[in-house]
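The primary structure of each chain is shown beneath.
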Amino acid sequence: EILVRLHFLVDPWTNPARSLSNYFIDGYKICMNQGDVDSAFKIIISYVFNHLLSGKELNDLEGDVQCYQPQMAALKYDQWEYLLDLVGQASLNLMGKSEHTISFSGKIV
């Protein structure tokens, strides 16, 4: 978790924000392997926010949300699941895949 935070604070000054993705995924895997699920989910939240803010494809972001949301739900990490749902709904709204693209309600939220 410390390495991910360090890269998150230092790397953007020298590299594009998109380059952080590998650090987030590596940090997530390390935390999950060590049983630190809370830190792993914090890292995934940072990963999807970075994904959204760095201008990556919204379809990819939607796929990431669909991948990690069931894990958070199954392990009952509601606070992280809620944040992930917000990012997921924002991506659906931006892609025009929500019935009400100007309000924060829809399939996910």
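Residues numbered from 1 in each chain as written. Predicted model: local features only at pLDDT ≥ 70, side-chain atom pairs only at ≥ 80, totals over all residues. Heavy atoms only, no water.

Take the nonpolar core next. Most often, soluble globular proteins have nonpolar side chains that are buried together. Formed by 20 residues in total, the largest nonpolar core has its most connected members in Tyr-28, Ile-44, Tyr-47, Tyr-68, Met-72 and Leu-84. Elements that contribute at least two residues to this core include exactly α2 (21-34), α3 (37-53), α4 (58-74) and α5 (78-95). It is α3 that contributes the most residues to this core, 8 residues altogether. With near-sequence residues (within four places) excluded, Tyr-68 lies in contact with Ile-25, Tyr-28, Ile-44, Tyr-47 and Leu-84. (Core = buried A, V, L, I, M, F, W, Y, C linked by side-chain atoms within 4.5 Å. Buried < 20%, exposed > 50% of the residue type's maximum accessible area, 1.4 Å probe, protein only. Helix = DSSP H or I, 4+ residues; strand = E, 2+ residues; numbered from the N terminus. Contact = heavy atoms within 4.5 Å.)

Contact geometry of α2 with α3 gives a least axis separation of 8 Å together with a crossing angle of 165 degrees. It follows from the interaxial angle that α2 and α3 lie roughly antiparallel. You can see that α2 and α3 cross each other, and the crossing is left-handed. Of the residues in α3, those touching α2 at Ser-21, Phe-24, Ile-25, Gly-27, Tyr-28, Cys-31 and Met-32 are Val-37, Ser-39, Ala-40, Phe-41, Ile-43, Ile-44, Ser-46, Tyr-47 and Asn-50. (Axes fitted to C-alpha atoms, helices over the stretch in contact; angles between N-to-C directions. Parallel < 35°, antiparallel > 145°, perpendicular 65-115°, else oblique. Left-handed = near helix turned anticlockwise from the far one by under 90°.)

Below, the discussion takes up unusual backbone geometry. A positive phi is found at Lys-76, a non-glycine position, where the angle reads about 60 degrees. Counting through the fold element by element, Lys-76 comes out in the loop between α4 and α5.

The final tally for this structure, using the stated rule, is 3 aromatic pairs. Ring geometry for Tyr-28 against Tyr-68: centres 5.3 Å apart, planes inclined by 75 degrees, an arrangement best described as edge-to-face. Here the residue Tyr-28 occupies a position in helix α2, and Tyr-68 occupies one in helix α4, the gap between them amounting to 40 residues. Accessibility expressed as a relative area gives 10% for Tyr-28, which makes it buried. (Phe/Tyr/Trp six-rings, centres within 6.5 Å; stacked < 30°, edge-to-face > 60°.)

Before going further, it helps to spend a moment on α4. In this model, α4 (17 residues) spans 25 Å end to end at C-alpha, consistent with the 24 Å of a helix rising 1.5 Å per residue. Those residues of α4 that are buried are in contact with α2, α3 and α5. Backbone geometry just after α4 places Lys-76 at a positive phi near 60 degrees. (Expected span 1.5 Å × (residues − 1).)

This brings us to the side chain of Ser-21. As for its placement among the helices and strands, Ser-21 is situated in helix α2. Judged by relative accessible area, Ser-21 falls into the buried class, the value being 8%. Those residues in contact with Ser-21, other than ones at most four positions away along the chain, are Tyr-47, Asn-50 and Lys-56.

As far as function goes, none of this settles anything; it's purely spatial.
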